Amino acid sequence: MKTRSHKIIVIILAAFLLIVAGEQVWKYRVFRSRIGSYAYSLSYALRTIGREGQYIGRIADVRWNAMPVVEGDIKGWQPRYLIARETLPGATEERWLCAYLIESAATPPARFKPSPFPPIHMDKNVAP
């Protein structure tokens, strides 16, 4: 009786881990498919890059689980996009930002003028 219940628990745990691993692989593929698309700001965890819907740059690469490099970015192991942005005419800079702060689109911005990356704004209720 005891061994049968242990087998059921092991099967349930294995199925759960398989589902979680499958979901992670699927999400990674979704994030990878966005490389080359245009990145726009999206509010997440009381943080926004610039203002909501603002053009940020172009998605150049993905890191699945990485720590933040930019101050004010979402802390912890998060999927991150490498965003390339023309900051001066003919000069492009890159920055790793939390993928949850980015909304991708196939359409480029209308009348974009080169400018620095917009800062990350945090709501006053964000815990330090």
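Quick caveat, the model's predicted, so the values are computed rather than measured.

Colleague: Tell me what's going on with the side chain of Arg-85, and back it up with residues and numbers.
Modeller: Relative to the assigned elements, Arg-85 resides in strand β4 (residues 78-88). Nearest to the buried, unbridged Arg-85 among oppositely charged side chains is Glu-93, at 8.0 Å. A distance of 3.0 Å separates a polar atom in the side chain of Arg-85 from the backbone oxygen of Tyr-55. Leaving out residues up to four positions away in the same chain, Arg-85 has contacts with Tyr-55, Ile-56, Gly-57, Ala-91, Thr-92, Glu-93, Phe-112, Ser-115, Pro-116, Phe-117 and Pro-118.

Colleague: I'd like to hear about the sheet that holds strand β1 (residues 38-41), residue by residue, with values.
Modeller: Here we have five strands laid out as an open sheet, ordered β5-β4-β3-β1-β6, and antiparallel in their pairing. The open sheet has two edge strands with one neighbour each: β5 (91-98) and β6 (102-105). On average, each strand axis in the sheet is inclined to that of its neighbour by 45 degrees, with strand direction left out of account. As paired elements, β1 and β6 share four bridges and run antiparallel to each other. Within β6, the residue paired with Ala-39 across the bridge is Ser-104.

Colleague: Go over the packing of aromatic side chains, please, and point to the residues and values.
Modeller: Applying the stated criterion across every chain yields a total of eight aromatic pairs. Judged by centre distance (4.9 Å) and plane angle (70 degrees), the ring pair of Tyr-55 and Phe-112 falls under edge-to-face. With Tyr-55 in strand β3 (residues 55-66) and Phe-112 in the loop between β6 and β7 (120-122), the pair connects residues that are 57 residues apart, well separated along the chain. The rings of Tyr-28, Phe-31, Tyr-44, Trp-64, Tyr-81 and Tyr-100 are connected pair by pair, giving a single aromatic cluster. In this structure, Arg-63 packs its charged tip against the face of Trp-96, placed 4.1 Å from the ring centre. Directly above the aromatic system of Phe-117 lies the positively charged group of Arg-85, at a separation of 6.0 Å from the ring centroid.

Colleague: Would you mind going over unusual backbone geometry in detail, with residue names and values included?
Modeller: One non-glycine residue, Ala-45, lies in positive phi territory at about 50 degrees. Residue placement: Ala-45 occurs in the loop between β1 and β2 (47-49). Even without being a glycine, Arg-111 presents a positive backbone phi close to 55 degrees. Inspection of the secondary structure assignment puts Arg-111 in the loop between β6 and β7. With a relative accessible area of 77%, Arg-111 lands in the exposed category.

Colleague: How would you sum up the pattern of salt bridges? Please name residues and give values.
Modeller: Within the structure shown, the criterion is met by two salt bridges. The partner of Asp-73 in a salt bridge is Arg-80, with the nearest N and O atoms 3.1 Å apart. Per residue, the accessibility class of Asp-73 equals that of Arg-80, and both read buried.

Definitions and cut-offs
Residues numbered from 1 in each chain as written. Predicted model: local features only at pLDDT ≥ 70, side-chain atom pairs only at ≥ 80, totals over all residues. Heavy atoms only, no water. Helix = DSSP H or I, 4+ residues; strand = E, 2+ residues; numbered from the N terminus. Buried < 20%, exposed > 50% of the residue type's maximum accessible area, 1.4 Å probe, protein only. Lys, Arg positive; Asp, Glu negative; His and termini not counted. Salt bridge = Lys/Arg side-chain N within 4 Å of Asp/Glu carboxyl O. Polar contact = N/O pair within 3.5 Å; in protein donor to acceptor, adjacent residues only side chain to side chain. Contact = heavy atoms within 4.5 Å. Pairing = 2+ DSSP bridges. Axes fitted to C-alpha atoms, helices over the stretch in contact; angles between N-to-C directions. Phe/Tyr/Trp six-rings, centres within 6.5 Å; stacked < 30°, edge-to-face > 60°. Lys NZ or Arg CZ within 6 Å of the ring centre and 35° of its normal.

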